[in-house]
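Given next are the chains, with one letter for each unit.
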Amino acid sequence: VFLNGLVKNLSIKRAMKACVDGLPKVRGCVDFTRIQPDSFVTDSQMERAILAILESANCHMFDYSVKVSFGKADVTACCYESDFSKEFETRVGEIPGILDLNCNITVLPDESMENRRACKEIETDLALHSMLQGARIRVSFVRKKYLLEGYVVSVIQKQVAFLSVVKNAKTTSVENRLRLQ
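So, here's what we can say about the structure. Just so it is clear, the model here is predicted, and its values are computed rather than measured. (Residues numbered from 1 in each chain as written. Predicted model: local features only at pLDDT ≥ 70, side-chain atom pairs only at ≥ 80, totals over all residues. Heavy atoms only, no water.)

1. Quick look at helix α5 (residues 155–169)
A turn of α-helix holds 3.6 residues, and therefore any two residues three or four places apart point the same way.
Right, so step 1: With 15 residues, α5 extends 21 Å from end C-alpha to end C-alpha; this agrees with the ideal 21 Å at 1.5 Å per step.
Right, so step 2: Inspection of α5 places Gln157, Val160, Ala161, Ser164, Val165 and Ala169 among the buried residues, and these make up the whole buried set. All buried residues of α5 lie within an arc of 140° about the axis, which places them on one face of the element. In α5, the exposed positions angled more than 90 degrees off the buried face are occupied by Ile156, Leu163 and Lys167.
Right, so step 3: Trailing α5 by a residue or two, Lys170 shows a phi angle of about 55°, which is positive. (Helix = DSSP H or I, 4+ residues; strand = E, 2+ residues; numbered from the N terminus. Expected span 1.5 Å × (residues − 1). Buried < 20%, exposed > 50% of the residue type's maximum accessible area, 1.4 Å probe, protein only. Arc of directions from axis to C-beta.)

Rendered as structure tokens:
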């Protein structure tokens, strides 16, 4: 079977190919479809959209990095077995302008959830902090250090969040990856 034509996003392209591959008595599928988004989207806009998905409340990934170049997105992240969902790839594939997606998600066993309760307590403390209004901060414990990810509105908020984690966790092993929004 040969597929040819234009589609709106990567998610539709993948679904079409999977549908054809799933048909009985079909030996293969050659996919010549191209993605043509409704409007022009820059790489930085696509990167921000992917980060917004990663930082949303229902996505439980951490230690992530995103790189978009000429519509090709490379996403690396970690999550625990109980939090893993294939929905993330589908949601990223629906972002206008994404031509190709390489997701490298490391699924860690739930037994390796070190300090998860402490991380949740620190997140709650940061969410209630009066100087951190408008910030979205996620705390995780990776490779024997606390990791701050998400976004803040100002450099002062970034420093306040870092110092608050150092004080609450009683350690100086904290990596601050907070972005300015």
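2. A closer look at the nonpolar core
Right, so step 1: Counting residues in each nonpolar core, the largest one holds 25 residues, and the members touching the most others are Ile50, Leu54, Met61, Val75, Phe88, Ile98 and Leu101.
Right, so step 2: For this core, the secondary-structure elements that each account for two or more residues are α2 (43–54), β3 (62–69), β4 (72–80), α3 (87–93) and β5 (100–108).
Right, so step 3: Counting residues per element, this core draws most heavily on α2, which supplies five residues.
Right, so step 4: When neighbours within four sequence positions are excluded, Ile50 is seen to be in contact with Val66, Val68, Ala73, Val75, Val92, Ile95 and Ile98.
Right, so step 5: Ranked by size, the runner-up nonpolar core spans 16 residues in total, among them Phe141, Leu148, Val152 and Leu178. (Core = buried A, V, L, I, M, F, W, Y, C linked by side-chain atoms within 4.5 Å. Contact = heavy atoms within 4.5 Å.)

3. Some remarks on the sheet that holds β3
Right, so step 1: In spatial order, the strands read β3-β4-β5; together these three strands make up an open sheet with mixed pairing. Looking at which strands have only one partner, the edges of the open sheet turn out to be β3 and β5. The sheet shows a mean angle of 10° between the axes of neighbouring strands, taken without regard to direction.
Right, so step 2: Pairing between β4 and β5: nine bridges, direction parallel. Across the sheet, Val75 pairs through a bridge with Cys103, a residue of β5. (Pairing = 2+ DSSP bridges. Axes fitted to C-alpha atoms, helices over the stretch in contact; angles between N-to-C directions.)

4. Description of the layout of surface pockets
Rolled over the atoms, a probe sized like a water molecule indicates the empty space that remains.
Right, so step 1: Of the pockets and cavities examined, the largest pocket occupies roughly 220 Å³.
Right, so step 2: As for the largest pocket, its lining consists of 18 residues, and the residues nearest its centre are Arg116, Lys120, Glu123, Arg138 and Val139.
Right, so step 3: Counting residues per element, the ones that place at least two in the lining of the largest pocket are α4 (116–128) and β6 (136–142).
Right, so step 4: Here the lining of the largest pocket takes six residues from β6, the largest share from any one element.
Right, so step 5: Residue classes in the lining of the largest pocket are distributed as eight nonpolar, three polar and seven charged. (1 Å grid on protein atoms, 1.4 Å probe; cavity = no way out; pocket = protein on both sides within 12 Å on 5 of 7 lines; lining within 4 Å. Points joined across faces, edges and corners; volume = space filled by probe spheres on them. Nonpolar A, V, L, I, M, F, W, Y, C, P; charged D, E, K, R; others polar.)

All quantities given are derived from atomic positions and should not be read as evidence of function.
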